[in-house]
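A structural walkthrough
For reference, the chains in residue letters:
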Amino acid sequence: MHLHGTSTINKDGHLEIGGCDTKQLASQFGTPLYIMDEALIRQRCREFVEAFRATGMPFQVAYASKAFCVMAMCRIVEEEGMSLDVVSDGELYTALQAGFPAERIHFHGNNKTPYEIEMAIDAGIGCFVVDNFVELHMVNAIAGEKRQRVKVLLRLTPGVDAHTHEYISTGQTDSKFGFDMENGSARQAVQEASSAPNLELLGIHSHIGSQIFEVGGFQLAVEKMTAFTVAMRDELGVTFSVLNLGGGFGIRYVEGDTPLAVGEYVRAITDTVREQFTQHAYPLPEIWIEPGRSIVGDAGTTLYTVGTYKDIPGVRKYVAVDGGMTDNPRPALYEAKYEALLANRASDQADELVSIAGKCCESGDMLIWDIELPQVQSGDLLAVFCTGAYNYAMASNYNRLRRPAVVFVKDGHADVVVERETYGHLVQNDVVPERMKPVTKTR
Ligand code: LLP
């Protein structure tokens, strides 16, 4: 079994994370429970920042908060000296409530509303990553009304698909995100943005995909973005000072996933930028990246209690836990794979093949198909690893399940950073029209 970060198996045979016995965490906080290994989150932040520092090039590492956006996480990101990406008013609000410095916030998204744009300008965010012409005009207009000049990057689709072996896919043109580099849209966007009175065009952005295990796609994106940068200088006399290469750095969910060390991605990107820009006698830009999953993914473990099970002889044994697609929709949505162990019997021999079902009324609510575990009993604790990214962030109240608590564990201490939802939370926004109110009988 591959254990991440500070996870170990203690002398009682219990899984321990951040010096906390998970069996104790379960009895203290209940299950399902998201447990985040704070030291591992900080380690990943530092790996990115230090890899950039070592290159001597100017940079910003912006955590893509969509992966896991809660106020305590924003605090860590600030403390680690990083920037923050948000994609909605809700993420922006969370960051501001956490006291995150607005000037280090970058606003993404393909459909920012006028309200979101106003809110972000009023807050004084660092920049908008502008996605399309409608937004370009809207940001310029709203900034003008507020007599402000706002910084922007333009999101481009560089025609690099990180998931094919050739890295190139013309199909990338067919994307809801960004200005197309091949059909002239990107060039026109540069023309418009650089002449818009209320915009300061800092540079360009690309994001080539997620869960990427190789550097080739990033290198090719750098080449294409450099060629475009040089062309804009030569053809339009417009220069860029920022090159943002997005996120997508892969992590190990299961055996067979082969991510590179953080430093290797960073070095491949910075080396290629240096080489390409130098070759074209272009001043080196500031390099920005936006890791999400690779900062928080493997720091998260979800702890469940096993309830019922059902053996279908000759077919399979289903073991059901007290959560499921509500706290982790990724298996149902993307056929994502996870590893797990019994947290209260972590040293026991895994000798039974079972499948882990969630408790939602839906056959597709399966967390893991076919995993070897010790003979499971009701009341056992199941720890599913690598749930730090896009789990809490994508959780729902389907079947009116209450979203779990999130705890940060470190050096033997556990701090709740998100409380478990209560029944009250479930109905707090419900309104029963007066005419439907239950009649109170009077005697
Ligand atoms: N920057 C941009 C512009 C993005 O669109 C994304 C992710 C990131 C950065 C961060 O990517 P990461 O480093 O986390 O791979 N819900 C899906 C993932 C969607 C990612 C969307 N964009 C999942 O659960 O796998």
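The rules behind each value
Residues numbered from 1 in each chain as written. Predicted model: local features only at pLDDT ≥ 70, side-chain atom pairs only at ≥ 80, totals over all residues. Heavy atoms only, no water. Helix = DSSP H or I, 4+ residues; strand = E, 2+ residues; numbered from the N terminus. Rg over C-alpha atoms; globule rule 2.2 N^0.38 Å. Buried < 20%, exposed > 50% of the residue type's maximum accessible area, 1.4 Å probe, protein only. Contact = heavy atoms within 4.5 Å. Lys, Arg positive; Asp, Glu negative; His and termini not counted. Charge placed at Lys NZ, Arg CZ, Asp CG, Glu CD. Core = buried A, V, L, I, M, F, W, Y, C linked by side-chain atoms within 4.5 Å. Axes fitted to C-alpha atoms, helices over the stretch in contact; angles between N-to-C directions. Parallel < 35°, antiparallel > 145°, perpendicular 65-115°, else oblique. Left-handed = near helix turned anticlockwise from the far one by under 90°. Near = heavy atom within 4 Å. Polar contact = N/O pair within 3.5 Å; in protein donor to acceptor, adjacent residues only side chain to side chain. Areas by Shrake-Rupley, 256 points an atom, 1.4 Å probe, with all protein chains shown as cover. Nonpolar A, V, L, I, M, F, W, Y, C, P; charged D, E, K, R; others polar. Domains from an automatic or database assignment. Buried area = accessible area lost by both parts, 1.4 Å probe. Salt bridge = Lys/Arg side-chain N within 4 Å of Asp/Glu carboxyl O. Pairing = 2+ DSSP bridges. Arc of directions from axis to C-beta.

**Describing the overall build of the chain**
Within the chain, the regular secondary structure consists of twelve helices and 21 strands. Against the globule reference of 22 Å for 443 residues, the chain gives a C-alpha radius of gyration of 24 Å, in line with a compact fold. Burial analysis of the chain (443 residues in total) assigns 54% to the buried set. Look at the contacts in the chain between residues 6 or more apart in sequence, and 70% of them connect residues 24 or more apart. Charge-centre separation for the chain: the mean point of 39 positive side chains lies 6 Å from the mean point of 58 negative side chains.

**Regarding the nonpolar core**
One finds Ile 41, Tyr 63, Phe 128, Leu 154 and Val 296 to be the most contacted residues of the largest nonpolar core, which totals 88 residues. Residue contributions to this core peak at eight residues, all from helix α8 (residues 216-236). In this structure, Tyr 253, Tyr 338, Leu 367 and Phe 385 belong to the second largest nonpolar core, which totals 39 residues.

**A short note on the packing of helix α4 (residues 89-97) against helix α5 (residues 114-123)**
Two numbers describe how α4 lies on α5: the axes approach to 10 Å, and their chain directions differ by 20 degrees. As far as their axial angle goes, α5 and α4 are roughly parallel. The crossing of α4 and α5 is left-handed. Taken together, the residues of α5 that come into contact with α4 (itself represented by Asp 89, Leu 92, Tyr 93 and Leu 96) are Tyr 115, Glu 116, Met 119, Ala 120 and Ala 123.

**Details of the site of the ligand**
What surrounds the ligand is a group of 17 residues, the closest being Ser 210, Glu 290, Arg 293, Arg 330 and Tyr 390. For the ligand, an oxygen atom lies 2.7 Å from a polar atom in the side chain of Ser 210. Within the side chain of Tyr 390, a nitrogen or oxygen atom sits 2.6 Å from an oxygen atom of the ligand. Contact with the protein chains covers 86% of the free accessible surface of the ligand, which is 580 Å². Tallied by class, residues from the shell around the ligand come to five nonpolar, seven polar and five charged.

**Quick notes on α5**
Listed as buried for α5 are Glu 116, Ile 117, Met 119, Ala 120 and Ile 121. Where α5 is buried, its residues touch α4, β7 (105-107), β8 (127-130), α6 (133-145) and β9 (150-157). Positive backbone phi, approximately 80 degrees, marks Gly 124, located one or two places after α5.

**Here's the deal with the domain arrangement of the chain**
Structurally, the chain comprises domain 1 (8-37 + 297-427) and domain 2 (108-291). Here the C-alpha centroids of domain 1 and domain 2 sit 37 Å apart. Both sides together, the interface formed by domain 1 and domain 2 hides about 580 Å², and carbon and sulfur atoms give 56% of it. When the buried surface of domain 1 facing domain 2 is broken down by residue, Lys 337, Glu 339 and Cys 386 rank first, second and third, together holding 63% of it. Inspection of the region where domain 1 meets domain 2 yields one salt bridge. On inspection of domain 1 and its partner domain 2, the count reaches two residue pairs in polar contact (both at pLDDT 80 or more). Broken down by class, the residue content of the side of domain 1 that touches domain 2 amounts to two nonpolar, one polar and four charged.

**A look at the pattern of salt bridges**
Tallying each qualifying case throughout the model produces 22 salt bridges. With its nearest N and O atoms 3.6 Å apart, the salt bridge here joins Lys 410 to Asp 411. Using a relative accessible area of 33% as the deciding quantity, one classes Lys 410 as partly exposed. Salt bridges linked by common partners bring Glu 38, Arg 42, Arg 46, Glu 79 and Glu 80 together as one network.

**Here we look at the sheet that holds strand β3 (residues 20-21)**
On the basis of which strands lie adjacent, the open sheet formed by three strands has the order β1-β2-β3 and antiparallel pairing. Edge positions in the open sheet fall to β1 (8-9) and β3, since each of these has one partner strand only. Pairing of β1 with strand β2 (residues 15-17) involves two bridges; the strand directions are antiparallel. Considered in β2, the bridge of Ile 9 is made with Leu 15.

**Remarks on helix α7 (residues 185-195)**
Among the residues making up α7, those that are buried are Ser 185, Ala 186, Ala 189, Val 190 and Ala 193. With its buried residues spanning 135 degrees around the axis, α7 presents them on a single face.

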